[in-house]
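Per-entry structural report
Chain by chain, the residues:
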Amino acid sequence: VPGSVTVTDEDGDELAELAFAYDLACRSDVSPATRKLLVLENKAKHALRGTNRVQVGEREFAGGEFKADGFKKEEAVRKMAEARWQVLLGATAPAP
């Protein structure tokens, strides 16, 4: 997903988190594609799994939901991933 790659240290543990997203789709219709946003830190892998968002009407959209996986004690990293998900959907402007 264009613009999805970031390197941060959201939890302040001096280990960088690499985040990136990708879509999986077979395009024969306009339904939302599967989207994954992965966050890698040291040997840990965290993920948001869901769908991208597509416009299905003049002011109507489908998709964009997600579920978090692997963020057990990583509240700051999960919050960063959820904020990135919204930015990649186009729901919010990216931080400067």
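Residues numbered from 1 in each chain as written. Predicted model: local features only at pLDDT ≥ 70, side-chain atom pairs only at ≥ 80, totals over all residues. Heavy atoms only, no water.

**Observations concerning the overall build of the chain**
From N to C terminus, the chain includes one helix and seven strands. Secondary structure of the chain in N-to-C order comes out as β-β-β-β-β-β-β-α. Taken along its principal axes, the extent of the C-alpha atoms in the chain is 45 × 30 × 20 Å. In the chain, which comprises 96 residues, the proportion classed as buried is 29%. Restricting to contacts in the chain with at least 6 residues of sequence separation, those with at least 24 account for 36%. When the accessible area of the chain is evaluated, it comes to approximately 6,200 Å², of which 53% is carbon and sulfur surface. In the chain, the 14 positive side-chain charges and the 16 negative ones have mean positions that sit 5 Å from each other. (Helix = DSSP H or I, 4+ residues; strand = E, 2+ residues; numbered from the N terminus. Buried < 20%, exposed > 50% of the residue type's maximum accessible area, 1.4 Å probe, protein only. Contact = heavy atoms within 4.5 Å. Areas by Shrake-Rupley, 256 points an atom, 1.4 Å probe, with all protein chains shown as cover. Lys, Arg positive; Asp, Glu negative; His and termini not counted. Charge placed at Lys NZ, Arg CZ, Asp CG, Glu CD.)

**As for the environment of Glu74**
Structurally, the position occupied by Glu74 is in the loop between β7 (66–69) and α1 (75–89). As a C-alpha pair, Glu74 and Gln86 span 12 residues in sequence and 19 Å in three-dimensional space. If we ignore the near neighbours within four places in the chain, the residues touching Glu74 are Asp11, Glu41 and His46.

**Comments concerning a negative patch on the surface**
On the surface, Asp9, Glu10, Asp13 and Glu14 cluster together into a patch of negative charge. Assignment of secondary structure puts Asp13 in the loop between β1 (6–8) and β2 (17–24). (Patch = residues over 30% accessible without salt bridge, like charges linked within 9 Å, V, L, I, M, F, W, Y side chains within 5 Å. Salt bridge = Lys/Arg side-chain N within 4 Å of Asp/Glu carboxyl O.)

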